[in-house]
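# Residue-level structure breakdown
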Amino acid sequence: MIDLRAVRAVWLGGAFAIAYIVLDMLSGPEARHQTIAPVWHPAAGLALYLVLAAGFKGVPLLVATVLVAAAITPALPAQPLLSLVVGLLPVPMYLAVGAVMRRYLAGNAFFASHRGLLTWAGLVTLGSLLSAATYALMLLGADAFASRAWLDLVTRYTIAETAGMLVIVPALHYLLDAGLRADVLHRIVSWETLAYVALIALVLAVGLQRPAPESLVYYLLFLPLAWSAARHGMAGAVTAAIVLEAGVTIAALRPIAYPAQMPNVQMLVLTLTLSGFLIGIAVDVARRASHDLRHSLRLAAAGEMAGAVAHELNQPLTALSMYGSACERLMARGGNEALLQTTIRSMVAESQRASDVLKRLRDFFRTGTTALEPLALAELIRAAVAPFVGQASAQGIALDVSPPPRAVLLGDRIQLEIVLRNLLSNALQALAEMPAGAERRIAVRSGMDGATVWIRIADNGPGIADKIRARLFEPFISLKSSGLGLGLAISRAIVETHGGTLSVEPGPHAILKITLPLHDGADEGPDHAQ
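Residues numbered from 1 in each chain as written. Predicted model: local features only at pLDDT ≥ 70, side-chain atom pairs only at ≥ 80, totals over all residues. Heavy atoms only, no water.

Attention now moves to the confidence of the model for the protein chain. Per-residue pLDDT for the protein chain averages 80, and the proportion of residues at 70 or more is 82%. Every residue in residues 32–36 is under pLDDT 50, and counting partners more than four places away or in other chains gives 20 contacts. Note that residues 522–529 has pLDDT below 50 and, in this model, 14 contacts with residues that lie over four places away or in other chains. (pLDDT = per-residue confidence, 0-100. Contact = heavy atoms within 4.5 Å.)

With that settled, the discussion passes to the pairing of strand 7 (residues 511–517). The buried count for strand 7 comes to six of seven residues, which makes it a mostly enclosed element. As paired elements, strand 5 (residues 452–459) and strand 7 share seven bridges and run antiparallel to each other. Across the sheet, the residue bridging to R456 is K513, located in strand 7. Inspection of the sheet shows strand 6 (residues 501–504) paired to strand 7 by four bridges, in the antiparallel sense. Of the residues in strand 7, the one forming a bridge with S503 is K513. (Buried < 20%, exposed > 50% of the residue type's maximum accessible area, 1.4 Å probe, protein only. Helix = DSSP H or I, 4+ residues; strand = E, 2+ residues; numbered from the N terminus. Pairing = 2+ DSSP bridges.)

With that out of the way, let us pick up the side chain of S491. Structurally, the position occupied by S491 is in helix 16 (residues 487–497). A distance of 3.1 Å separates polar atoms of two side chains, one belonging to S491 and the other to N422. (Polar contact = N/O pair within 3.5 Å; in protein donor to acceptor, adjacent residues only side chain to side chain.)

This next bit is on the pattern of salt bridges. Applying the stated rule across the entire model yields nine salt bridges. Through salt bridges with shared partners, a single network forms among R413, E417 and R421. (Salt bridge = Lys/Arg side-chain N within 4 Å of Asp/Glu carboxyl O.)

We now examine the sheet that holds strand 4 (residues 441–449). Adjacent strands of a sheet pair through backbone hydrogen bonds, lying either parallel or antiparallel. Read across the sheet, five strands follow the order 2-4-5-7-6 without closing on themselves; strand pairing throughout is mixed. Edge positions in the sheet fall to strand 2 (398–401) and strand 6, since each of these pairs with one other strand and no more. Across this sheet, the average inter-strand angle for adjacent strands is 15 degrees, counted without regard to direction. Taken strand by strand, helix 16 contacts strand 6 and strand 7, and its axis lies near 140 degrees from that of strand 6. (Axes fitted to C-alpha atoms, helices over the stretch in contact; angles between N-to-C directions.)

The following block contains the structure:
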């Protein structure tokens, strides 16, 4: 039976060898088809990725491939054996950098944060510099050490190796990792990507007509790099960097009027690449933080809604229990068939009511859908306050609720009760911290103002500090030492979903006010979704 894993390993090994040899011929240190030293060495990125993926198991394949490439494009054609030795010079560097990365920057840690990227870039640059210095000494001899020719060769080699590793390794990581590939392709396969690729090509076509120090057009390359990084994160930055490096490489295959200025182009391209990567990482970090925040808000919302779910399900479940007992008694007595059918229909209705509650909550968590229905303001306040009456009395807190006006609003009763309960709970906890014997009071007032209704919840507790007041409704800003700081953020989001506002009023104590639009009776029915 054919071992598919072995076949895949052979196929990937062959693909690596062919890609390395071709890229080394086109853009390696001894690239035979270029009139100038290359601006990058993508084969170096392939070699480093092999070490990262296979560890020391990949050394035989790497050494064999490097030797073949060195034989095809010898550094010293007159000395073939010495050319093979020169070709093997970067291998120890690849192994050393790969070993350090596998230990300290495992996975995607080297491009998941600015610290990881800068650490990796410094490591790659140092390794490339040491390889370049050794390479220059072997080619030019010890007598040329620190000469102009030696410095030029070291500079070009270092930048080319560094650029190749910085661009190719994350690109291969994105493309060959099944968990990342689908997301990356979804982000970059678009007309927008084609637009910034075209812009890079246009800038290069114009810029390469003049040397880098004199042509300001080169600096326009930062625009598509920043554009791609800002829109698609690190995946977009890597895509744009590959296009940029490939464009310069293709341009280097033809005679250039200013070959002496290519080190400037090399440094400019590398600087732009690093800048794009830093922007891309910042975008990815912000996206991850936003995703984590949304997840935290959903979890917090689930906690806030747990009490409301229990309260909402308690009534239909209690009714079901009572109807079930009634059915048992009717059946025990021989039963009144008409009455039994009526009771069963009532059980079905209560089951549907419980199902509707769970469905509305599920829809809210999945899509943010809010089920709106006409609500009497008095009934909304009564239902929200009821669970706190006993608790307030036990703590010696006066809970003063003024008679609400006869007003109807359009909203999701479960969600609005959560908001009111959260505000009342915060007030009770604030008063619990007051010294014994002090007067404790919570006032719940409501009224109408034009086309809106308002509910004001005030306590005579310690109030809200000025430094917190301006940020009170931001996530993770809490008045309690043990709080997550998500309750008020969720409450404001719910109120704003209903077209209202939740604000804090000035004063020495905590006064929070909810405003909601009145119901004009023009909706399509008693229950519709928004």
